[in-house]
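# Inside the fold
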Number of protein chains: 2
Amino acid sequence: MAQKPSIPKGTRDFNPEQVAKRNYIFNTIRNAFQNFGFQPIETPSFENSSTLMGKYGDEGDRLIFKILNSGDFLSKANTEAYAEKDSTKITSSISEKALRYDLTVPFARYVVQHQNEIEFPFKRYQIQPVWRADRPQKGRFREFYQCDADVVGSQSLWQEVEFIQLYDTVFLALKLEGVTIKINNRKILSGIAEVIGASDKLIDFTVALDKLDKIGEEKVKEEMLGKGISEEGISKLQPLFTLSGSFESQIESLKSILSTSEEGLKGIEELTFIHTAISELGVNTATLQLDVTLARGLNYYTGAIFEVSAPKTVQMGSIGGGGRYDDLTGIFGLKDVSGVGISFGLDRIYLVLEELNLFPETVSKNVEVLFINFGDKEALFSLKAIKELRAAGINAELYPDAAKMKKQMNHANKRDIPFVVLVGEQEITSNNYTVKNMKTGEQDTVSLEALVESVKG
Amino acid sequence: MAQKPSIPKGTRDFNPEQVAKRNYIFNTIRNAFQNFGFQPIETPSFENSSTLMGKYGDEGDRLIFKILNSGDFLSKANTEAYAEKDSTKITSSISEKALRYDLTVPFARYVVQHQNEIEFPFKRYQIQPVWRADRPQKGRFREFYQCDADVVGSQSLWQEVEFIQLYDTVFLALKLEGVTIKINNRKILSGIAEVIGASDKLIDFTVALDKLDKIGEEKVKEEMLGKGISEEGISKLQPLFTLSGSFESQIESLKSILSTSEEGLKGIEELTFIHTAISELGVNTATLQLDVTLARGLNYYTGAIFEVSAPKTVQMGSIGGGGRYDDLTGIFGLKDVSGVGISFGLDRIYLVLEELNLFPETVSKNVEVLFINFGDKEALFSLKAIKELRAAGINAELYPDAAKMKKQMNHANKRDIPFVVLVGEQEITSNNYTVKNMKTGEQDTVSLEALVESVKG
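The structure presented is a predicted model; accordingly, all values stated were derived computationally and were not measured. (Residues numbered from 1 in each chain as written. Chains lettered and ligands numbered in written order. Predicted model: local features only at pLDDT ≥ 70, side-chain atom pairs only at ≥ 80, totals over all residues. Heavy atoms only, no water.)

### Details of the pattern of salt bridges
Per the stated rule, a full pass over the model turns up 48 salt bridges over all chains. With a closest N to O distance of 2.8 Å, arginine 62 of chain A and glutamate 59 of chain A form a salt bridge. With a gap of 3 residues between them, arginine 62 of chain A and glutamate 59 of chain A both fall in helix H3 (residues 57-63), about one helical turn apart. For glutamate 223 of chain B, the salt bridge is made with lysine 211 of chain B, and the minimal N-O distance between the two is 3.1 Å. Pair noted here: glutamate 223 of chain B is in helix H10 (residues 212-226) and lysine 211 of chain B is in the loop between helix H9 (202-209) and H10, with a separation of 12 residues, a long-range link. (Salt bridge = Lys/Arg side-chain N within 4 Å of Asp/Glu carboxyl O. Helix = DSSP H or I, 4+ residues; strand = E, 2+ residues; numbered from the N terminus.)

### Re the relation of the copies chain A and chain B
With an RMSD of 0.0 Å, the operation that places chain A on chain B is a rotation of 180° combined with a shift of 0.0 Å along the axis. Expressed as an axis order, the relation between the two copies is that of a two-fold axis. Among all residues of chain A, the minimum C-alpha distance to the rotation axis is found for isoleucine 67 of chain A, at 2.2 Å. Counting the interface residues of chain A, we find that 100% of their copies in chain B are interface residues as well, pointing to one common contact surface. (Least-squares fit on C-alpha atoms with pLDDT ≥ 70 in both. Contact = heavy atoms within 4.5 Å.)

### Topic: the interface of chain A and chain B
By a widely used convention, the size of an interface equals the accessible area lost when the partners come together. Taken together, the contacts link 105 residues of chain A with 105 residues of chain B. Here chain A packs against chain B, burying approximately 9,200 Å² in sum over the two surfaces, 55% of which is carbon and sulfur. Taken together, the connections running from chain A to chain B amount to 10 salt bridges. A salt bridge links lysine 384 of chain A to glutamate 280 of chain B; the nearest nitrogen and oxygen atoms lie 3.1 Å apart. At the junction of chain A with chain B, the criterion picks out 47 residue pairs in polar contact (both at pLDDT 80 or more). No other element matches helix H16 (residues 376-391) of chain A, which puts 7 residues into the side of chain A that touches chain B. Here the side of chain A that touches chain B is built from residues that sort into 45 nonpolar, 34 polar and 26 charged. (Buried area = accessible area lost by both parts, 1.4 Å probe. Polar contact = N/O pair within 3.5 Å; in protein donor to acceptor, adjacent residues only side chain to side chain. Nonpolar A, V, L, I, M, F, W, Y, C, P; charged D, E, K, R; others polar.)

### Details of the sheet that holds strand S12 (residues 369-371) of chain A
All names here are of chain A. On the basis of which strands lie adjacent, the open sheet formed by 5 strands has the order S13-S12-S14-S15-S16 and mixed pairing. Of all strands in the sheet, those bounded by a partner on one side alone are strand S13 (396-398) and strand S16 (443-446). Neighbour-to-neighbour, the strand axes of the sheet open up by a mean angle of 25°, direction not taken into account. In terms of strand pairing, S12 meets S13 through 3 bridges, oriented parallel. Paired with phenylalanine 371 across the two strands is leucine 398, which belongs to S13. Strands in contact with H16 are S12, S13 and strand S15 (433-437); relative to S13, the strand with the most contacts, it is inclined by about 170°. Across the sheet, helix H17 (residues 405-414) is in contact with S12, strand S14 (419-422) and S15; its angle to S12 comes to roughly 165°. (Pairing = 2+ DSSP bridges. Axes fitted to C-alpha atoms, helices over the stretch in contact; angles between N-to-C directions.)

### Some details on the UniProt feature "binding site: L-histidine" (unreviewed entry) in chain A
Residue and element names in this part refer to chain A. On the UniProt side, "binding site: L-histidine" (unreviewed entry) is annotated at positions that read Asp102, Leu103, Thr104, Arg132, Gln146, Asp150, Arg296, Tyr300 and Tyr301 here. Mapping glutamine 146 onto the fold places it in strand S6 (residues 143-152). A polar contact is formed between the side chain of glutamine 146 and the backbone nitrogen of leucine 103, at a distance of 3.2 Å. Structurally, aspartate 150 can be placed in strand S6. Side chain to side chain, aspartate 150 and arginine 124 meet in a polar contact 2.8 Å long. (UniProt positions renumbered as here; feature names shortened; annotations may be inferred.)

### Overview of the sheet that holds strand S11 (residues 339-345) of chain A
Residues and elements named next belong to chain A. Strand order across the open sheet formed by 8 strands is S1-S5-S6-S11-S10-S9-S7-S8, with mixed pairing between neighbours. For this open sheet the edge positions go to strand S1 (39-40) and strand S8 (287-290), each flanked by a neighbour on one side alone. As paired elements, strand S7 (residues 180-185) and S8 share 4 bridges and run parallel to each other. Residue pairing across strands places isoleucine 181 opposite leucine 288, the latter belonging to S8. Contacts from helix H7 (residues 158-173) reach strand S5 (122-131), S6, S7, S8, strand S9 (304-309), strand S10 (318-325) and S11, with the element oriented near 15° to S11. The sheet strands contacting helix H13 (residues 247-257) are S7 and S8, and the helix crosses S8 at an angle near 15°.

Printed below as a string of structure tokens:
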């Protein structure tokens, strides 16, 4: 009758070591968020379907996990769809709720719903899981955490400046060196499209440009031609393909390309402001780099666009990203609320820290002392000491059974517990504790006070 | 076009203050779990339906949230059920996954699936949300957190002793006095049913007995009669209805009632062991109380049963519970693994602390310093100081826009920010900072070092 247990594909169990390592990253990010003045909110795991559907494009709609209505849901199923056996059409009539797909749309919903309680500008952070019915593959899961910080209610570019500092602060705290923060501006992309006469093909243009690293200049040009961008327009792009050198010299090249585009020049102005401020303030470990091919999330970004790359020594996609969106809450009826935010990719940061061996050795809060159980009388005596150790902040436990000594010592070894305490007849009589250092093998018989001290040390 | 945003009934948004208060409870419980040697695991939010269905009774099956399969799910729907429009029958063919209903069944699944990696006895804790399609009402939600600690792999009664200490430790840390930990033993209930000749009616018997507090002795007897328990049997129960006095005297009464039941006497022996140990070890704030009418979770508990009541001054149901189950992993094919565990009810503990005003004043990690923004030059100068403050562990931020001074000061007031810093032409020239204590109104112009010190103090 027994079932062989397993979990759904794309999901994961986390063992104690993995939980501890993940919490190390979460706590580091959380501390930095708070240090920068962000405040936490949490939203429900599932939202009304109407809140989520239509916000992420057709592909997004397909990838949203829908929750089946309770009770006799078929009785309310759309009759036509039922007759036609049309899965897509029937869905909204048998499923009213859906699992959150990201943290941005629920945040927009939260801001609109609670707008009268919120003091703007509102700096919020949110660290919660999201779910996507994506095809699972290496580093891509159906349940994963997002760590987002956003500010809504101000168009100030100082916020972009602060987000770069925030990234830098987190990666410094994680001791992760060599991170690159790529920055671009949606207005620059719009400006370029305008200059080459392809304003109506902005998406096609940026999708092609985005592939420059992967497929090279010639193929990018071919793709653009294929999408109907003119030869003449593409020739104007030439300087883009060879943009290099310092942030400043890239900006100079862009200025000449974009001299006729008001929007493009505005984008340059914004980038320059941010770059100048960061040069003045300094970064500790990350590098800020202009990347004109950066075009993520074009659907809703309107200003700055960020993407963070792991150190070059590690094969890994982006470990974070974000940008400025000028009208996110408009979909829920609150117009003209500008927002800007960034996100940290927990799973990829985890893989990077693992590969570079950057997790602190003490990351998992292990038990520090195991008391060997020699019988009920000894156990009771031990528990009195354990109570004192715990009150002193030391994680301690009693082996629950009076099993063979060897078995208990093996248990301590397998769990990497640094100290073992042995309490027998003699110890009880003399009110002492024999403590064994499992690394050095040293053994000593001491008072309770000395025991607390030696384990703490 | 705009939708009026809302969230599904039975779910909640948490604002920054609520998140901070919830985290205060989570962290207190987590620290105690670790202090007692428990290690964290996490499991996926959704499991294969086959893992969950049939584990919580018919009612439970109905309350489990099912996730609709992706893609053209109707093409694989059970043909017969589709023709009959039978919602119950069709479910398993269009939904393969379901949201976790509690943490116990996923834990059992985890133990069986990872049995070769686990070092037994395994002390695990788990703090994650669960979902139930219950009718929402005060204090009952469709999404809520459970905080569970369990040990599997040992039958030692020392674990029951430690769980009582663990409850006591958590409530002491939360400064919640007057909590009662009720204890009973399933074997005592079985023994009583045996003695009154109602072994085959154990559930009916305990369900009725459980209502003693609410409906009184006479109605309980009526209900038992109605369920077919004999007059003679019920008369033997008489001492139960008047059990009172100390733990010891109640045990003596039970001994005489159960003198002919081997199982009942075993239950008394276990209770006595636990009570004696706790008397020796002492509890700090909670009271241990024998409650023979306690019968929760009878379906799987086999030994000790715990339930924790809030202080009598607060109207609140149980704020925790647990017990011993001798064969939880059997459902997944791993026999003879004994387990014992307890759970904390986060939402109810929250309401109790709120009502008794027991949350620390400093529970939310607010911003400590807001820098007023007088323009870009001043902002840049301010951000240099903010960087230093943050590095010193002080949560600080810049108002993003050079808005009117009054608006910025109001912002600080509304957010309860204790210090405001003003940087103008003069301060930049003299490399000083004017800091205002928002509570006292005191204002002082100081160096950066002095600023850090005064805000820290």
